[in-house]
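In case you want the letters, here they are:
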Amino acid sequence: MNSIIELPAVKDNLNTVLDFIDSHLAEHGSSMKAQMQIETAVEELFVNIAGYAYSPYTGTVKIEFKCKDGIAWITFNDTGVPYNPLARTDPDVTLPAAARPIGGLGILMVKKMMDDVIYRYENGCNILTIKKKIV
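Described in the following lines is the structure provided in the data block.

Moving on, we get to the overall build of the chain. Each helix and strand in the chain was counted, giving three helices and five strands. Walking the chain from its N terminus toward its C terminus, one meets helices and strands in the order β-α-α-β-β-α-β-β. Contacts spanning at least 24 positions in sequence make up 67% of the contacts within the chain whose residues lie at least 6 apart. When the accessible area of the chain is evaluated, it comes to approximately 7,700 Å², of which 54% is carbon and sulfur surface.

Structure representation (structure tokens):
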């Protein structure tokens, strides 16, 4: 069964988003490790949408949770500025922090923790889906 929450994309709504995700992960028997990784990824993605998608204005984000066969799919849908975070080159983490350009570590972390990350732009919407085996 799919569940959807739609709310203003503002950082103050992060706890509401995490509560929504956590309640569904618990319902589907998620391991604690998978839950913590998903929470980290969801926080990174939501905060980026809240901070950049509509700047300097505020828009909404729709988040869909579905789970099938022990795999959680979480989809973020916003109508902000088109942006594919997967198109960005991953930062070279072998370089010292002072030698690396700013940015990119958050999405790299999301890609490393999730089993799959999928982006598409469709009908004026950024649609980013993360997938993770939770049991």
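Ordered in space as S1-S2-S3-S5-S4, the five strands form an open sheet in which the pairing is antiparallel. Here the strands that pair on one side only, and so sit at the sheet edges, are strand S1 (3–8) and strand S4 (116–122). The sheet shows a mean angle of 15° between the axes of neighbouring strands, direction not considered. Of the strand pairs in this sheet, strand S3 (residues 71–78) and strand S5 (residues 125–133) are connected by eight bridges, and their pairing is antiparallel. Paired with Ile 71 across the two strands is Lys 133, which belongs to S5. Across the sheet, helix H2 (residues 32–53) lies against S1, strand S2 (60–68), S3 and S5, angled at about 5° from S3, the strand it touches most.

Turning our eyes to something else, we now look at the packing of aromatic side chains. All told, the structure shown has zero aromatic pairs when counted by the stated rule. Residue placement shows Lys 66 over the ring face of Trp 73; its charged tip is 5.9 Å from the ring centre.

We now examine unusual backbone geometry. Trans peptide bonds make up the majority, and among non-glycine residues the majority have a negative phi. The residue after Ser 55, namely Pro 56, is reached through a cis peptide bond having omega 5°. Looking at the secondary structure, you find Pro 56 in the loop between H2 and S2. You will see that Asp 69, though not glycine, has its phi angle at about 55°, which is positive. Here Asp 69 is to be found in the loop between S2 and S3. Despite not being glycine, Asn 123 shows a phi value in the positive range, around 50°. For Asn 123, a relative accessible area of 76% puts it in the exposed group.

Tracing the chain through its elements places Arg 88 in the loop between S3 and helix H3 (105–113). Judged by relative accessible area, Arg 88 falls into the partly exposed class, the value being 35%. C-alpha separation for the pair Arg 88 and Leu 108, spaced 20 residues apart in sequence, amounts to 9.6 Å.

Another aspect to go through is the pattern of salt bridges. Side chains bearing opposite charge may pair, as long as their charged atoms lie close to each other. Tallying each qualifying case throughout the model produces two salt bridges. The closest approach of N and O atoms between Asp 115 and Lys 132, which form a salt bridge, is 3.9 Å. Placement of the pair is Asp 115 in the loop between H3 and S4 and Lys 132 in strand S5, with a sequence separation of 17 residues. The class for Asp 115 is partly exposed, based on a relative accessible area of 46%. Residue Lys 132 is classed as buried on the basis of its relative accessible area, which comes to 11%.

Procedures and definitions
- Residues numbered from 1 in each chain as written.
- Predicted model: local features only at pLDDT ≥ 70, side-chain atom pairs only at ≥ 80, totals over all residues.
- Heavy atoms only, no water.
- Helix = DSSP H or I, 4+ residues; strand = E, 2+ residues; numbered from the N terminus.
- Contact = heavy atoms within 4.5 Å.
- Areas by Shrake-Rupley, 256 points an atom, 1.4 Å probe, with all protein chains shown as cover.
- Pairing = 2+ DSSP bridges.
- Axes fitted to C-alpha atoms, helices over the stretch in contact; angles between N-to-C directions.
- Phe/Tyr/Trp six-rings, centres within 6.5 Å; stacked < 30°, edge-to-face > 60°.
- Lys NZ or Arg CZ within 6 Å of the ring centre and 35° of its normal.
- Buried < 20%, exposed > 50% of the residue type's maximum accessible area, 1.4 Å probe, protein only.
- Salt bridge = Lys/Arg side-chain N within 4 Å of Asp/Glu carboxyl O.

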